[in-house]
Amino acid sequence: FAEKPVVVNRGNLMQAREFISAIRVSGGTNIHGALQQAIAQPVGKGTVPIVLFLTDGLPTIGETSEKQIREKIRNSNRNRRRIFTFGVGVDVNTPLLSRLADDSRATATYVLPKEKVEVKVASVFRRLSGPVLSFPRLKVFTRDGRPAPHLIDDLVPHQLPDFFSNDQIIVTGRYRGSEPLEFRLIGDDGKSRRKYTFAF
């Protein structure tokens, strides 16, 4: 549709809809090539760098190795774009799409046959407005303020994803000890650094 990102306005929306309506099924699925082109685009000042990647197939042309695709995209994603993956149907590589999303701190969504596409699309677009807390980190301290990472291990997820409005994030782990702890959640809300404290 365009060589680089375009501003959302009435004219561009009409051209995009005409472009989409003219698309015909042909050729193979070049997941790596499409993602490389998407993450290479310039990042607009004051915008959240996001890619919405939709596919209904497996990688069949270009780079087809799941491991190579993941590594190359992760290494090329210098602007730290969130890659929201959207798989439609049953002929998609769900592990690949999930890991691409996880690696970039985004989410993967799947639509199976007979599922309501509108519900899934609405969920994805809610996230596209950007995270309410990005690059969150969870730290643990004793009650008197001493760092105590040795008391917590086996945290899952190891790297917290960005937090989006109305999302629920569940973190599990193993606690070694009996003394009260303090968890500090630190992240960026787009304007300033934020810190939240929880007693445990």
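Provided above is the structure to which this section pertains.
The notes below deal with the structure included here. What you see is a predicted model, and the numbers here were worked out from it, not measured in a lab.

**With respect to the nonpolar core**
Step number 1: Residues Ile 31, Leu 35, Ile 39, Val 51, Phe 53, Ile 69, Ile 73, Ile 83, Val 92, Leu 96, Leu 97 and Leu 100 constitute the largest nonpolar core, which totals twelve residues.
Step number 2: Of all the secondary structure elements, the ones that give two or more residues to this core are helix H2 (31-39), strand S1 (50-55), helix H3 (66-76) and helix H4 (94-103).
Step number 3: Counting six residues, the second largest nonpolar core, distinct from the first, contains Val 140, Ala 148, Ile 152 and Phe 183.

**Looking at the packing of H2 against H3**
Step number 1: Interhelical geometry of H2 versus H3 gives an angle of 5° and a closest axis separation of 10 Å. Comparing their axes, H3 and H2 come out roughly parallel. Contacts from Ile 31, His 32, Leu 35, Gln 36 and Ile 39 of H2 reach H3 at Ile 69, Lys 72, Ile 73 and Ser 76.
Step number 2: Here the contact of H2 with H3 is built from residues that sort into five nonpolar, three polar and one charged.

**A look at the layout of surface pockets**
Step number 1: Roughly 2,200 Å³ of volume is contained in the largest pocket.
Step number 2: Going through the elements one at a time, helix H1 (10-21), H2, S1 and helix H5 (117-128) are the ones with two or more residues in the lining of the largest pocket.

**Looking at the pattern of salt bridges**
Step number 1: Taken as a whole, this structure holds twelve salt bridges when the rule is applied.
Step number 2: Between Asp 162 and Arg 105 there is a salt bridge, with its nearest N and O atoms 3.2 Å apart. Separated by 57 residues along the polypeptide, Asp 162 in the loop between strand S5 (152-156) and strand S6 (172-175) and Arg 105 in the loop between H4 and strand S3 (108-111) bring together distant segments of the chain.
Step number 3: The exposure class assigned to Arg 105 is buried, which follows from its relative accessible area of 11%.
Step number 4: With its nearest N and O atoms 3.1 Å apart, the salt bridge here joins Asp 189 to Arg 194.
Step number 5: On the basis of relative accessible area, Asp 189 is assigned to the partly exposed category, the value being 24%.
Step number 6: Looking at Arg 194, the relative accessible area reads 33%, which means it is partly exposed.
Step number 7: Through salt bridges with shared partners, a single ionic network connects Asp 153, Asp 154, Arg 174 and Arg 176.

So, how was this worked out
Residues numbered from 1 in each chain as written. Predicted model: local features only at pLDDT ≥ 70, side-chain atom pairs only at ≥ 80, totals over all residues. Heavy atoms only, no water. Core = buried A, V, L, I, M, F, W, Y, C linked by side-chain atoms within 4.5 Å. Buried < 20%, exposed > 50% of the residue type's maximum accessible area, 1.4 Å probe, protein only. Helix = DSSP H or I, 4+ residues; strand = E, 2+ residues; numbered from the N terminus. Axes fitted to C-alpha atoms, helices over the stretch in contact; angles between N-to-C directions. Parallel < 35°, antiparallel > 145°, perpendicular 65-115°, else oblique. Contact = heavy atoms within 4.5 Å. Nonpolar A, V, L, I, M, F, W, Y, C, P; charged D, E, K, R; others polar. 1 Å grid on protein atoms, 1.4 Å probe; cavity = no way out; pocket = protein on both sides within 12 Å on 5 of 7 lines; lining within 4 Å. Points joined across faces, edges and corners; volume = space filled by probe spheres on them. Salt bridge = Lys/Arg side-chain N within 4 Å of Asp/Glu carboxyl O.

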